[in-house]
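Descriptive analysis of the structure
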Amino acid sequence: MNLTDLTIAQIYDVLTRKQVSAEELVLAHLKNIEDRDQQVRAYLILSPERALEQARRIDRLIAAKEPLPPLAGVPAAVKDVILTKGVRSTCASKILANYVPPYDATAVTRIEGAGACILGKTNCDEFAMGSSTENSGFFPTHNPEDLTRVPGGSSGGSAAAVAAHMATVALGSDTGGSIRQPASFCGDVGMMGTYGRVSRFGLVAFASSLDHIGPFGRTVRDVARVLQVIAGHDPCDSTSADVPVPDYEAGLDKDVKGVKVGVAEEYFAGLNAEIGDNIQRGIDLLARLGCEIVKISLPHTEYAVSCYYIIATAEASSNLARYDGVRYGYRAPAQGDLHEMYEKTRNAGFGAEVKRRIMLGTYVLSSGYYDAYYLKAQKVRTLLTRDFQEAFDEVDVIVTPTSPIPAFKLGEKLDDPLAMYLADIYTVTADLAGIPGISVPCGFTKGDSSNGQVPLPVGMQLLARHFDEAQLLQVANAFERAGGFEMGKANTNRESF
């Protein structure tokens, strides 16, 4: 039995049977991190003492024959934009390189309260700004499927940690696809709930009207369990929705026959051929499961990337104004006045992508340009939301590719930020509309052994109406049970990491 391969349900089983201890589970994952993370570089900071202390608490519950919480002994990782009390939380930025928070994010409090053992903080694009985890202020993360390629971003460290079996589950954040796209690139399940479903308290703000916290896992059931734990109203977050949270696991195995699945033509234009073929096979599998496939239109999709990068950068320029060297974080030495200290601190502390987005956001909010850019983008956001509302009058879920391309080479797009931005076309729409989305594995590209190109994971995205995460999880689980995750695997000659 490989302890790093276990699902949450399997962990519960071996713990209650006393076949293994929670401490042994944590130690096995820490050993895996020691062996593999020098190559993958998924983690920025490890917290072994915290994880082992929690594991020993779970073992004491087992010894006392006490009921176990839902995530008892589960090794978990946390993206470094989510605060952890007493453990450095840097947002992968030099400006916060030594910041130690005095409190935990609500999502962290909830998973630890449910018994999870937090192994450490994972790498990400600086302040969650990026799609490859190459914008980390410290080092890039590598894709466990092919170490020459990116894991996606900005939650690439969390996705890579789960894919490389260096954590059973992980928390990430999603502002424009930063959970779903890396899940697609690494072959994970990654989910973002409805805006407000999961508290943002303790999530360092990038774009406050778009930011979400959500889980990564290797199965839909694991993701459903974690979402169940972290979802729900939080008085510490004014945007947290006071909406009842259903039992996600209870409905997972329901029959999907008759579920109406929408396919939008706008999401299949300019798509990598192999990605398109895999997604079509995924749609065909859903049809064989009894789903009704319905063609729909989301006509304002073409404006989504432009709309997103105006709104997100505008909010970022405001949120990041607090990093000035005065209250916390890095302060550059300066001989002159306060303005010189501000300039030197922000110049040395922020990376190129963060500076680019601050400048763009400041520009679109400036006098004379606010109406032309920011206000117009908000109007387009309303149109995009209306597109989804009208679509969900006809269908229950919408299926799309998660990304138009598979994982690309490290360094391939660093000099072309526009190309990087355009790759977010299929994920930003859900963030703008505030609807839930999940990415599930949908087979692999073929690869090419003659030039050393290994088969790469393909992700299929499912979207649903506001607060209907249960429907998403139900369809995703049916797809997994029918073999959708492994479609075409026999033809790839692919070996797992």
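Our subject is the structure listed above.
In this text the structure is predicted, and so the values were computed from the model without any measurement.

**A look at the overall build of the protein chain**
In terms of helices and strands, the protein chain carries 15 helices and eleven strands. In summary, the protein chain has a C-alpha radius of gyration of 22 Å against a globular reference of 23 Å for 497 residues, a match within 12%. Burial statistics for the protein chain: of 497 residues in total, 61% are counted as buried. By sequence separation, contacts in the protein chain at least 24 residues apart represent 77% of the contacts at least 6 residues apart. Accessible surface, the protein chain: about 19000 Å² in total, of which carbon and sulfur atoms supply 50%.

**Side note on the pattern of salt bridges**
Using the criterion set out here, one finds 19 salt bridges in the structure. Where arginine 56 meets glutamate 23, a salt bridge forms, and the shortest distance between an N and an O atom there is 3.3 Å. With arginine 56 in helix 3 (residues 48–63) and glutamate 23 in helix 2 (residues 22–40), this residue pair connects regions lying 33 residues apart in the sequence. Exposure remark for glutamate 23: the relative accessible area of 25% places this residue in the partly exposed category. The closest approach of N and O atoms between arginine 221 and aspartate 253, which form a salt bridge, is 3.0 Å. A residue pair is termed long-range when its members are at least 10 positions apart, and arginine 221 in helix 7 (residues 220–230) and aspartate 253 in the loop between helix 7 and strand 7 (260–264) qualify at 32 residues. Looking at arginine 221, the relative accessible area reads 26%, which means it is partly exposed. Overall, the relative accessible area of 46% leaves aspartate 253 in the partly exposed class. A network of salt bridges, in which partner residues are shared, links Arg221, Arg225, Glu249, Asp253 and Arg481.

**Some thoughts on the packing of helix 9 (residues 304–319) against helix 11 (residues 352–365)**
Packing of helix 9 against helix 11 brings their axes to within 7 Å, and their N-to-C directions diverge by 100°. Compared by their axis directions, helix 9 and helix 11 come out roughly perpendicular. Side by side, helix 9 and helix 11 meet where Tyr309, Ile310, Thr313, Ala314 and Ser317 of the first sit next to Arg357, Ile358, Leu360, Gly361, Thr362, Val364 and Leu365 of the second. For the contact of helix 9 with helix 11, the class distribution of residues is seven nonpolar, four polar and one charged.

**Describing the sheet that holds strand 3 (residues 117–122)**
Sheet architecture is open: eleven strands sit in the order 1-3-2-4-6-5-10-11-9-7-8, paired in mixed fashion. Looking at which strands have only one partner, the edges of the open sheet turn out to be strand 1 (43–46) and strand 8 (292–296). Across the sheet, the mean angle separating the axes of adjacent strands is 30° when strand polarity is ignored. Contacting strand 4 (169–174), strand 5 (189–192), strand 6 (212–217) and strand 10 (437–444), helix 7 runs over the sheet at an angle of about 145° to strand 6.

**A look at helix 5 (residues 156–163)**
For helix 5, the tally of buried residues reaches eight of eight residues, placing the bulk of the element in the interior. Of the residues flanking the end of helix 5, it is histidine 165, one or two places downstream, whose phi is positive at about 60°.

**Remarks on the environment of arginine 357**
Position of arginine 357 relative to the elements: it lies in helix 11. A relative accessible area of 4% places arginine 357 in the buried class. Spatially, the C-alpha atoms of arginine 357 and valine 220 are 34 Å apart, while their sequence positions differ by 137 residues. Residues in contact with arginine 357, not counting those within four places in the same chain, are Met129, Gly130, Phe206, Tyr309, Thr313 and Tyr421. A polar contact of 2.6 Å, which involves the side chain of arginine 357, links it to the side chain of glutamate 353.

**Remarks on the environment of alanine 407**
Tracing the sequence through the fold places alanine 407 in the loop between strand 9 (397–401) and helix 13 (417–422). Residues contacting alanine 407, with those up to four places away along its chain left out, are Asn143, Arg149, Val150, Phe185 and Leu456.

**Concerning the state of the cysteines**
Formally, a disulfide is one covalent bond, and it connects the sulfur atom of one cysteine to the sulfur atom of another. Taken as a whole, this structure holds zero disulfides when the rule is applied. With no disulfide of its own, cysteine 91 lies 6.7 Å from the sulfur of cysteine 124, the closest cysteine sulfur. The closest cysteine sulfur to the non-disulfide-bonded cysteine 291 is located on cysteine 442, 13 Å from its own sulfur. Judged by its relative accessible area of 6%, cysteine 291 is buried.

**What to know about the nonpolar core**
The tendency in soluble globular proteins is for nonpolar side chains to be buried side by side. Membership of the largest hydrophobic core comes to 153 residues, with the highest contact counts inside it found for Ile111, Phe127, Ile230 and Leu473. Sorting elements by how many residues they give to this core places helix 9 first, with ten residues. Other than its neighbours up to four places away in sequence, leucine 473 contacts Met191, Val220, Val223, Ala224, Leu227, Tyr248, Leu252 and Ile438. With five residues, the next largest nonpolar core counts Val150, Phe185, Ala407 and Met420 among its residues.

**Looking at the packing of aromatic side chains**
For the coordinates displayed, the defined rule picks out 16 aromatic pairs. Their ring planes at 90° and their centres at 6.4 Å tell us that tyrosine 323 and phenylalanine 350 sit as a pair that is edge-to-face. You can see tyrosine 323 sitting in the loop between helix 9 and helix 10 (338–349) and its partner phenylalanine 350 sitting in the loop between helix 10 and helix 11, a full 27 residues away along the chain. One exposure class covers both tyrosine 323 and phenylalanine 350, and it is buried. Among the aromatic residues, those joined into a ring-pair cluster are Tyr99, Phe127, Tyr323, Tyr328 and Phe350. Above the ring of phenylalanine 139, the side-chain terminus of arginine 41 is found at 3.8 Å from the ring centroid. Over the aromatic face of phenylalanine 408 sits the side chain of lysine 413, whose NZ or CZ is 5.4 Å from the ring centroid.

**Let's talk about unusual backbone geometry**
Put simply, glycine 153 and serine 154 share a cis peptide bond, and its omega is 5°. Its identity as a non-glycine residue notwithstanding, lysine 18 has a phi of 60°, on the positive side. Tracing the backbone through its elements, the reader meets lysine 18 in the loop between helix 1 (8–16) and helix 2. By relative accessible area, which is 56% here, lysine 18 ends up exposed. One non-glycine residue with positive phi stands out, namely alanine 128, at about 65°. Position of alanine 128 among the secondary structure elements: in the loop between strand 3 and helix 5. For alanine 128, a relative accessible area of 7% corresponds to the buried category.

Each value, and the rule that gives it
Residues numbered from 1 in each chain as written. Predicted model: local features only at pLDDT ≥ 70, side-chain atom pairs only at ≥ 80, totals over all residues. Heavy atoms only, no water. Helix = DSSP H or I, 4+ residues; strand = E, 2+ residues; numbered from the N terminus. Rg over C-alpha atoms; globule rule 2.2 N^0.38 Å. Buried < 20%, exposed > 50% of the residue type's maximum accessible area, 1.4 Å probe, protein only. Contact = heavy atoms within 4.5 Å. Areas by Shrake-Rupley, 256 points an atom, 1.4 Å probe, with all protein chains shown as cover. Salt bridge = Lys/Arg side-chain N within 4 Å of Asp/Glu carboxyl O. Axes fitted to C-alpha atoms, helices over the stretch in contact; angles between N-to-C directions. Parallel < 35°, antiparallel > 145°, perpendicular 65-115°, else oblique. Nonpolar A, V, L, I, M, F, W, Y, C, P; charged D, E, K, R; others polar. Pairing = 2+ DSSP bridges. Polar contact = N/O pair within 3.5 Å; in protein donor to acceptor, adjacent residues only side chain to side chain. Disulfide = S-S within 2.5 Å. Core = buried A, V, L, I, M, F, W, Y, C linked by side-chain atoms within 4.5 Å. Phe/Tyr/Trp six-rings, centres within 6.5 Å; stacked < 30°, edge-to-face > 60°. Lys NZ or Arg CZ within 6 Å of the ring centre and 35° of its normal.

Take it as geometry only, folks, not as evidence of what the structure does.
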